[in-house]
Amino acid sequence: MFIKSTLIMAFMAVAVAGFTLATKDHDSPEDKIKLARSHRLEPLATLAADAKPATSQGQSIDLQAIANHIQATAPSAVLADPPSTSQVDKASPAATAQAAPQPTPQPVPQQSPQQQPSQPQPAAAPKVDESALRYFASHGDKARLQAEISRLQTLYPNWTPPADPLAVPQNSDKQLEAMWQLYSEGRYAEVRKAIADRQTADTGWQPPSDLLERLAVAEARTRIVNASDLKQYATVIDIGSKNPSLLTCSDIDILWRVAEAFIRTDRAQRGQDAYSYILKTCTNPQERLATIQKASSLLAYQPMQDLLSLEKPDGNGGREFDSIRTELARRFVAQGNDDPKLTVSQDYLSQVERVARSQGLASDDSLLGWYYLRRGNYTDAEQWFKAAHEKEDSAAISQGLALILIADHKPQDAEDAMYKWRNESKDAMATYLAATANLMALQPPANLTEDVLARVAAEIVKEKYVPTAQQFGWYARTVNQPQAAARWFETALRWKPDDEPSAYGLAITRNQLNDRQGVAEVQRLWAGRSQRIAVLGEPAPRTPVAAPLPSPNQTAQTAPQQPVLQQPLPNAPLTAPQATPQVPAAQPYANTQAAAQPITPVRRSAAVEYAQPEIRARTAARTTRRQAGCTTTINAELLTPANALSRGWCLMNLNRPMEAVEAFGVGLNNSDPKSREDAAYGQSLAYLRAGLANNAAVAATKAPMSHQRAAELQVAILADRALSAFNGKRYHEALLYLDQRSQLQQERVDLMVLRGYSYLNLKMYDDAQRIFTAVAATGNRDGSRGLKDLMLATHPQPGEY
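Treat the numbers as computed from the prediction; the structure is a model and nothing was measured.

## Considering the overall build of the protein chain
(1) Moving on: If you tally the helices and strands in the protein chain, you get 37 helices and 2 strands.
(2) Moving on: The buried share of the protein chain, reckoned over its 801 residues, is 50%.
(3) Moving on: Partitioning the contacts of the protein chain with sequence separation of at least 6, the portion at a separation of at least 24 is 65%.

This is the structure in structure tokens:
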């Protein structure tokens with residue numbers, strides 16, 4: 001009975017050290033990898049996490065005493081293979097008795113075979129295969145030698161390592177020696193083959209169990225490394241659970257890989273436990289330092305603080321992780337930048353501030369700037385961003401500085417800081433656009449140069465950014481350019497049809513221009529959706545109420561969320577557009593009295609690019625056919641061809657070209673040749689007004705047309721195609737269309753400007769100078785501006801963009 005009780009006690013001691021039975025089907029692989037939570041538990045078997053007291057025959061087991069005994073006998077830096085149940089059975093009674101937590105040593109009673117027929121007789125200490133020890137020692141493989149000693153000590157607690165492993169009798173089996181040689185070289189498949197070949201030749205030979213065990217462990221290690229490298233983290237956990245002897249301080253890399261596998265599979269607590277086990281158990285200073293570095297790249301801020309609490313003194317008056325303290329502080333502050341709810345310890349902030357002042361790195365200044373900006377501390381954020389910007393002008397630093405300037409009501413400086421970096425990323429563009437919206441919304445309006453207005457307008461049109469387009473409309477009203485304001489409001493509505501502030505701005509601007517029909521159209525479209533638009537006939541409020549501008553970081557993840565403009569958008573806060581946006585005319589917001597605005601060519605980068613000069617429409621209006629009553633919307637197909645034709649000309653006068661296209665299409669059904677000609681001519685003009693030159697050319701062929709009308713349409717179509725080609729940066733094609741048009745009609749001044757900029761973009765500087773000089777001689781400002789751009793292209797100045 002004593003031997004039976006002793007065996008039970010030994011089994012429970014192994015369970016306390018962490019051995020988990022692999023035969024339980026309900027245990028997942030990760031549950032089989034247990035990590036010691038008590039620093040007093042040494043890694044004798046598996047990493048035990050949740051060992052519970054057990055009883056045998058009603059007697060309670062002192063698990064702490066067993067753990068203390070294991071700690072005293074096991075090597076401190078190795079998590080060795082767990083002994084199997086068969087190994088427990090083979091252990092000597094003396095060894096198992098040592099594992100039992102008996103307060104007073106008791107003599108082992110002598111029992112006869114008759115008394116214990118089913119139990120083996122106590123035997124001498126088992127023979128330990130020390131051949132691997134001698135082999136590793138003879139080859140100077142200290143790492144494997146120490147690992148083998150630790151493993152044998154775990155399996156055989158009474159075994160004492162030889163003082164001189166080289167004194168172990170040499171294995172006279174040359175074939176076995178060759179197998180060990182292949183094993184030490186990592187040629188495991190060849191070891192398997194050598195074993196199989198020998199067993200085939202000598203059926204009575206059996207390989208040493210030590211060789212087979214170490215070979216299996218080595219192969220499992222290789223599979224873990226390969227699975228980890230391939231990011232097959234579930235496989236890493238599964239193999240680790242089946243080979244707990246790999247999870248030792250003697251092979252710290254495997255512990256690191258298992259910890260990472262837990263974290264990558266959303267079990268960060270288990271990964272933290274693995275790192276904690278290393279710091280509680282393993283003693284190699286370099287490996288402990290590397291453990292913290294690896295953990296810091298995978299774990300969040302708070303779990304890292306728990307790991308750092310396991311830091312030990314370095315023996316020189318400092319702490320063992322002092323050499324990476326600055327690196328850790330930077331990482332933690334960066335995590336605070338990503339999570340504005342995270343409060344980083346002041347010690348880490350002070351550490352980064354000290355190194356920022358001593359080392360003078362812009363990256364440290366920027367790191368602190370973003371941290372304070374994310375928490376609304378604009379004073380400190382501005383201090384650090386300005387310091388960073390003085391040392392380095394980068395996209396991230398300029399973006400942070402711009403956000404601070406926006407919050408400080410300095411959008412003009414913010415726009416200037418971000419313009420060169422606007423295309424670096426979506427976040428950078430979002431910040432730049434926010435700066436432009438706030439710039440145009442300043443009260444009183446900012447005094448902006450033509451160059452700034454032109455480049456802002458160009459970017460707004462390119463990005464179709466509604467807030468700034470709307471603000472351009474208010475600004476234009478402020479500077480008494482109602483026609484330009486109407487076009488900007490129309491543009492904003494085409495990009496965002498439900499933008500009520502832009503609709504209101506358009507309505508009051510058309511009212512200012514005495515465009516009663518245009519006002520009625522806006523009121524009709526917004527009936528029931530906007531009270532102030534509906535009552536526009538009454539005195540209008542001085543200041544329209546608009547939604548606050550969006551944060552520049554609604555699409556950004558790394559940039560801090562800061563306000564753009566905290567006050568309602570004013571009645572008049574935006575500049576007259578220097579670049580008139582080209583928008584489809586199919587929407588019902590066309591301005592019937594919009595005068596053409598000159599388009600300023602803008603240098604936007606080192607390579608010369610220019611915004612398009614505007615072409616003034618010259619198509620004739622058929623006012624004699626105007627008919628009252630076309631302000632309402634009806635189905636043109638319900639009209640007779642004659643009435644549809646009359647309605648088409650009426651719609652043209654209301655600048656509703658796409659509706660006119662439908663009316664003229666019905667008019668083409670007229671049997672009268674003259675009426676069909678008028679319908680085809682009208683439909684071509686409608687398509688031209690909508691910017692659809694190709695459709696206009698097709699419409700012109702639907703009925704025979706007089707030579708005068710055909711030439712007129714051809715001239716208009718060629719001008720429109722030239723403009724489209726220029727807008728698409730197809731400058732050779734634009735010149736070709738201009739040449740074809742000049743054969744039919746003398747070139748207008750605005751088309752000469754278009755030709756000049758085509759030459760300039762093609763670097764045909766002599767031709768460009770000739771054209772711009774001729775245009776400037778007429779007193780046209782576009783000619784003078786073209787000469788200035790030509791000079792900048794041929795003699796660029798430093799800092800020009």
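## Concerning the packing of aromatic side chains
(1) Moving on: Enumeration according to the criterion identifies 14 aromatic pairs in this entry.
(2) Moving on: Between tyrosine 419 and tyrosine 432, the aromatic rings sit 5.8 Å apart at their centres with planes inclined by 55°, giving tilted as the arrangement. Linking tyrosine 419 in the loop between α21 (411–418) and α22 (426–440) with tyrosine 432 in helix α22, this pair joins segments that are 13 residues apart in sequence.
(3) Moving on: The class for tyrosine 419 is buried, based on a relative accessible area of 3%.
(4) Moving on: Ring plane angle 70° and centroid distance 4.9 Å describe the contact between tryptophan 649 and phenylalanine 664, whose orientation is recorded as edge-to-face. Note that tryptophan 649 is positioned in helix α29 (residues 641–653) and phenylalanine 664 in helix α30 (residues 657–667), a separation of 15 residues in sequence. Taken individually, tryptophan 649 and phenylalanine 664 each receive the classification buried, so the pair is uniform in this respect.
(5) Moving on: The ring of tyrosine 419 carries the charged tip of arginine 455 above its face, separated from the ring centre by 4.2 Å.
(6) Moving on: Of note, arginine 532 hangs over the ring of tyrosine 504, and the distance from its end group to the ring centre comes to 4.2 Å.

## Considering the nonpolar core
(1) Moving on: Grouped together as the largest cluster of nonpolar side chains are 91 residues, with contacts concentrated most on Tyr275, Ile292, Leu307, Phe332, Val344, Ile460 and Phe472.
(2) Moving on: Counting 31 residues, the second largest nonpolar core, distinct from the first, contains Ala660, Tyr687, Ala699 and Leu713.

## Here's the deal with α30
(1) Moving on: Listed in full, the buried residues belonging to α30 are Pro657, Ala660, Val661, Ala663, Phe664, Val666 and Gly667.
(2) Moving on: In this fold, the buried residues of α30 make contact with α29 and α31 (673–689).

## Quick word on the state of the cysteines
The bond known as a disulfide is covalent and runs between the sulfur atoms of two cysteines.
(1) Moving on: Using the criterion set out here, one finds 1 disulfide in the structure.
(2) Moving on: Paired by a disulfide, cysteine 249 and cysteine 282 hold their sulfur atoms 1.9 Å apart. Classification of the bridge connecting cysteine 249 and cysteine 282 rests on its S-S torsion, roughly -80°, and on that basis the disulfide is left-handed. One end of the pair, cysteine 249, is in the loop between α11 (233–242) and α12 (252–264); the other, cysteine 282, is in the loop between α13 (268–281) and α14 (285–296), and 33 residues separate them in sequence. Take cysteine 249 and cysteine 282: they sit in the same class, and that class is buried.

## Some thoughts on the side chain of arginine 214
(1) Moving on: If you trace the backbone, arginine 214 turns up in helix α10 (residues 209–229).
(2) Moving on: Those residues in contact with arginine 214 that lie beyond four places of it in its chain are Phe136, Glu148, Arg151, Trp180 and Tyr183.

## Description of the packing of α22 against helix α24 (residues 466–478)
(1) Moving on: Remark: α22 packs on α24, axes separated minimally by 9 Å, with the N-to-C direction vectors making an angle of 20°. Between α22 and α24, the angle is such that the two are roughly parallel. Relative to α24, the crossing made by α22 is left-handed. Of α24, the residues touching α22 (which contributes Leu433, Thr436, Ala437 and Met440) are Pro467, Thr468, Gln471, Phe472 and Tyr475.
(2) Moving on: For the contact of α22 with α24, the per-class residue count stands at 6 nonpolar, 3 polar and no charged.

## Things to note about the environment of tyrosine 233
(1) Moving on: If you trace the backbone, tyrosine 233 turns up in helix α11.
(2) Moving on: Note: C-alpha distance between tyrosine 233 and threonine 265 (32 residues apart in sequence) is 7.0 Å.
(3) Moving on: Not counting residues within four places of it along the chain, the set of residues in contact with tyrosine 233 comprises Ser228, Glu260, Ala261, Arg264 and Thr265.

## Topic: unusual backbone geometry
(1) Moving on: If you check the backbone angles, lysine 464 has positive phi at about 55° while not being a glycine.
(2) Moving on: For lysine 464, the location among the structural elements is in the loop between α23 (450–463) and α24.
(3) Moving on: Of note, asparagine 480 is a non-glycine position whose phi angle comes to about 65°, a positive value.
(4) Moving on: Tracing the backbone through its elements, the reader meets asparagine 480 in the loop between α24 and α25 (482–495).
(5) Moving on: Residue classification places asparagine 480 among the exposed residues on the basis of a relative accessible area of 58%.

## A few points about the packing of helix α20 (residues 395–407) against α22
(1) Moving on: Interhelical geometry of α20 versus α22 gives an angle of 25° and a closest axis separation of 10 Å. Taken together, the axis directions place α20 and α22 in an arrangement best described as roughly parallel. The interaxial crossing formed by α20 with α22 has left-handed handedness. On α22, the residues touching Gln399, Ala402, Leu403 and Ile406 of α20 are Asp427, Ala428, Thr431, Ala434, Ala435 and Asn438.

## Comments concerning the pattern of salt bridges
(1) Moving on: Within the structure shown, the criterion is met by 39 salt bridges.
(2) Moving on: Two residues, arginine 510 and glutamate 490, come together in a salt bridge whose shortest N-O distance is 3.5 Å. Of the two residues, arginine 510 sits in helix α26 (residues 500–512) while glutamate 490 sits in helix α25, which places them 20 residues apart along the sequence.
(3) Moving on: Several salt bridges converge on common partners, so that one network encompasses Arg221, Asp229, Asp251, Asp253 and Arg257.

## Notes on the confidence of the model for the protein chain
(1) Moving on: Within the protein chain, residue pLDDT values average 74, and 71% of them lie at 70 or more.
(2) Moving on: Confidence over residues 1–26 falls short of pLDDT 50; this stretch has 49 contacts with residues more than four positions distant or in other chains.
(3) Moving on: For the stretch residues 539–628, pLDDT sits under 50, and the model shows 288 contacts to residues farther than four places along the chain or on other chains.

## As for α29
(1) Moving on: Between its first and last C-alpha, α29 extends 19 Å over 13 residues, near the 18 Å set by a 1.5 Å rise per residue.
(2) Moving on: Three or more residues of α29 are buried, namely Ala644, Leu645, Arg647, Gly648, Trp649, Cys650, Leu651 and Met652.
(3) Moving on: Where α29 is buried, its residues contact α30 and α31.
(4) Moving on: Two residues or fewer after α29 comes asparagine 655, characterised by a positive phi angle close to 60°.

## Re the side chain of threonine 436
(1) Moving on: Here threonine 436 lies in helix α22.
(2) Moving on: Leaving out residues up to four positions away in the same chain, threonine 436 has contacts with Glu415, Val456, Ile460 and Thr468.

## Things to note about the environment of glycine 691
(1) Moving on: Mapped onto the secondary structure, glycine 691 falls in the loop between α31 and α32 (693–699).
(2) Moving on: With relative accessibility at 40%, the residue glycine 691 sits in the partly exposed group.
(3) Moving on: C-alpha of glycine 691 to C-alpha of proline 657: the two residues are 34 residues apart in sequence and 9.9 Å apart in space.

Definitions and cut-offs
Residues numbered from 1 in each chain as written. Predicted model: local features only at pLDDT ≥ 70, side-chain atom pairs only at ≥ 80, totals over all residues. Heavy atoms only, no water. Helix = DSSP H or I, 4+ residues; strand = E, 2+ residues; numbered from the N terminus. Buried < 20%, exposed > 50% of the residue type's maximum accessible area, 1.4 Å probe, protein only. Contact = heavy atoms within 4.5 Å. Phe/Tyr/Trp six-rings, centres within 6.5 Å; stacked < 30°, edge-to-face > 60°. Lys NZ or Arg CZ within 6 Å of the ring centre and 35° of its normal. Core = buried A, V, L, I, M, F, W, Y, C linked by side-chain atoms within 4.5 Å. Disulfide = S-S within 2.5 Å. Axes fitted to C-alpha atoms, helices over the stretch in contact; angles between N-to-C directions. Parallel < 35°, antiparallel > 145°, perpendicular 65-115°, else oblique. Left-handed = near helix turned anticlockwise from the far one by under 90°. Nonpolar A, V, L, I, M, F, W, Y, C, P; charged D, E, K, R; others polar. Salt bridge = Lys/Arg side-chain N within 4 Å of Asp/Glu carboxyl O. pLDDT = per-residue confidence, 0-100. Expected span 1.5 Å × (residues − 1).

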